[in-house]
Amino acid sequence: DAGITQSPRHKVTETGTPVTLRCHQTENHRYMYWYRQDPGHGLRLIHYSYGVKDTDKGEVSDGYSVSRSKTEDFLLTLESATSSQTSVYFCAISETGNSYNSPLHFGNGTRLTVT
Amino acid sequence: AQSVTQLDSQVPVFEEAPVELRCNYSSSVSVYLFWYVQYPNQGLQLLLKYLSGSTLVESINGFEAEFNKSQTSFHLRKPSVHISDTAEYFCAVSEGTDKLIFGTGTRLQVFP
């Protein structure tokens, strides 16, 4: 298994509070991604990073921000959590970001509940 | 814009029966196609992929998928399923070096 650790694995928080999820990799891969998984929607890309301090938005980025100060860590922050952000969040990594020669490897997910 | 459709949200099947999980995509250019599997409480794992060449691709655990360009499909099949195949299966597509687009998933439930 690719060395990807997500923390925490489970979190319950209240509406309006900030929340930060962490993804740590030991593979030294350049690309890192944050997805959310919801029934009926599959996986949707929130943000991704193509290097230290280099990030870009995905298809559902509103209400989320990210930071990558080191190759191995990619943080996802919900600035003011809402109930619509209750979801399972997955971090993924890719060596080159090119699906032809570098498939995505996923962490085991963080289940976030916003009450 | 590319998109992926998995028509079946759930597929129940008895052990040792054959199964087909359907995937259709829309794209006007050449694509790469993937099937990922998610076992309970885990992340997704790559099951198999079509990049070019032979339209029939196989996985190490007996699944196969066939790329059909005229039908824009990439259906996943297994001739005889096991209880351990119970999982959610995601089809995904990318255009060239673009990011992956995932389908909504099909939950395969294998009964004894």
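Just above sits the structure.
Conventions used here
- Residues numbered from 1 in each chain as written.
- Chains lettered and ligands numbered in written order.
- Predicted model: local features only at pLDDT ≥ 70, side-chain atom pairs only at ≥ 80, totals over all residues.
- Heavy atoms only, no water.
- 1 Å grid on protein atoms, 1.4 Å probe; cavity = no way out; pocket = protein on both sides within 12 Å on 5 of 7 lines; lining within 4 Å.
- Points joined across faces, edges and corners; volume = space filled by probe spheres on them.
- Helix = DSSP H or I, 4+ residues; strand = E, 2+ residues; numbered from the N terminus.
- Core = buried A, V, L, I, M, F, W, Y, C linked by side-chain atoms within 4.5 Å.
- Buried < 20%, exposed > 50% of the residue type's maximum accessible area, 1.4 Å probe, protein only.
- Contact = heavy atoms within 4.5 Å.
- Buried area = accessible area lost by both parts, 1.4 Å probe.
- Polar contact = N/O pair within 3.5 Å; in protein donor to acceptor, adjacent residues only side chain to side chain.
- Nonpolar A, V, L, I, M, F, W, Y, C, P; charged D, E, K, R; others polar.
- Phe/Tyr/Trp six-rings, centres within 6.5 Å; stacked < 30°, edge-to-face > 60°.

## Some remarks on empty space enclosed by the protein
Then step 1. According to the stated counting rule, one finds one cavity of 30 Å³ or more in the structure shown.
Then step 2. Its volume calculated, the largest cavity comes out at about 80 Å³.
Then step 3. Around the largest cavity sit 14 residues that line it, and Tyr-33, Gly-97, Ser-99 and Leu-104 of chain A together with Leu-100 of chain B are the ones nearest its centre.
Then step 4. The set of elements that each furnish at least two residues to the lining of the largest cavity consists of strand E4 (31-38) of chain A together with strand E5 (32-38) of chain B.

## Comments concerning the nonpolar core
Residues and elements named next belong to chain B.
Then step 1. Counting 28 residues, the largest nonpolar core has Leu-33, Trp-35, Leu-47, Leu-48, Phe-74, Leu-76 and Tyr-89 as its most contacted members.
Then step 2. When contributions to this core are tallied by element, the ones reaching two or more residues are strand E2 (10-14), strand E3 (19-21), E5, strand E6 (44-50), strand E8 (64-68), strand E9 (73-78), strand E10 (87-94) and strand E12 (106-111).
Then step 3. With four residues, E10 is the largest single contributor of residues to this core.

## Overview of the side chain of Ser-94 of chain B
Then step 1. With respect to the helices and strands, Ser-94 of chain B occurs in strand E10.
Then step 2. Look at Ser-94 of chain B and you get buried, because its relative accessible area is 0%.
Then step 3. Ignoring anything within four residues of it in the chain, the contact list for Ser-94 of chain B reads Ser-99 of chain A together with Gln-2, Ser-30, Val-31, Tyr-32, Phe-34, Lys-99 and Leu-100 of chain B.

## Re unusual backbone geometry
Then step 1. The omega torsion of the bond from Ser-7 of chain A to Pro-8 of chain A falls at -10 degrees, within 30 degrees of zero and hence cis.
Then step 2. With respect to the helices and strands, Pro-8 of chain A occurs in the loop between strand E1 (4-7) and strand E2 (10-13).
Then step 3. With phi around 75 degrees, Glu-16 of chain B is a residue other than glycine that occupies positive phi space.
Then step 4. With a phi close to 45 degrees, Thr-72 of chain B is a non-glycine residue in the positive phi region.
Then step 5. By secondary structure assignment, the location of Thr-72 of chain B is in the loop between E8 and E9.

## A few points about the interface of chain B and chain A
Then step 1. Across the boundary between the two partners, chain B contributes 23 residues, which contact 19 residues of chain A.
Then step 2. Here chain B meets chain A over a buried area of about 1600 Å², counting both sides, of which 59% is carbon and sulfur.
Then step 3. On inspection of chain B and its partner chain A, the count reaches three residue pairs in polar contact (both at pLDDT 80 or more).
Then step 4. Of all elements in the fold, only E5, E6 and E10 of chain B reach the threshold of two or more residues within the side of chain B that touches chain A.
Then step 5. The dominant element in the side of chain B that touches chain A, judged by the number of residues it contributes, is E5 of chain B, at four residues.

## Description of the environment of Met-32 of chain A
Residues and elements named next belong to chain A.
Then step 1. The topology assignment puts Met-32 in strand E4.
Then step 2. According to the relative accessible area criterion, Met-32 is buried, its value standing at 0%.
Then step 3. Placed 41 residues apart in sequence, Met-32 and Asp-73 show a C-alpha to C-alpha distance of 8.8 Å.
Then step 4. Excluding its chain neighbours within four sequence positions, the residues that come into contact with Met-32 are Cys-23, Gln-25, Tyr-48, Ser-49, Arg-68, Thr-71, Glu-72, Asp-73, Phe-74, Cys-91, Ala-92 and Ile-93.

## Structural notes on the layout of surface pockets
Then step 1. The space that makes up the largest pocket amounts to roughly 620 Å³.
Then step 2. Looking at side-chain class alone, the lining of the largest pocket contains nine nonpolar, 20 polar and five charged residues.

## Comments concerning the packing of aromatic side chains
Then step 1. Tallied over the full model, the rule gives 15 aromatic pairs over all chains.
Then step 2. With 6.4 Å between their ring centres and 20 degrees between their planes, Tyr-31 of chain A and Tyr-33 of chain A make a pair best called stacked. For the residue pair Tyr-31 of chain A and Tyr-33 of chain A, the accessibility class agrees, reading buried in each case.
Then step 3. On the basis of an interplanar angle of 75 degrees and a centroid distance of 6.2 Å, the ring pair of Phe-106 of chain A and Phe-102 of chain B is categorised as edge-to-face. Placement of the pair is Phe-106 of chain A in strand E10 (residues 105-106) and Phe-102 of chain B in strand E11 (residues 101-102), with the two residues belonging to separate chains. Considered together, Phe-106 of chain A and Phe-102 of chain B belong to a single accessibility category, that of buried residues.
Then step 4. Aromatic rings pair up to connect Tyr-31, Tyr-33, Tyr-35, Tyr-48, Tyr-50, Phe-90 and Phe-106 of chain A together with Tyr-36 and Phe-102 of chain B into one cluster.

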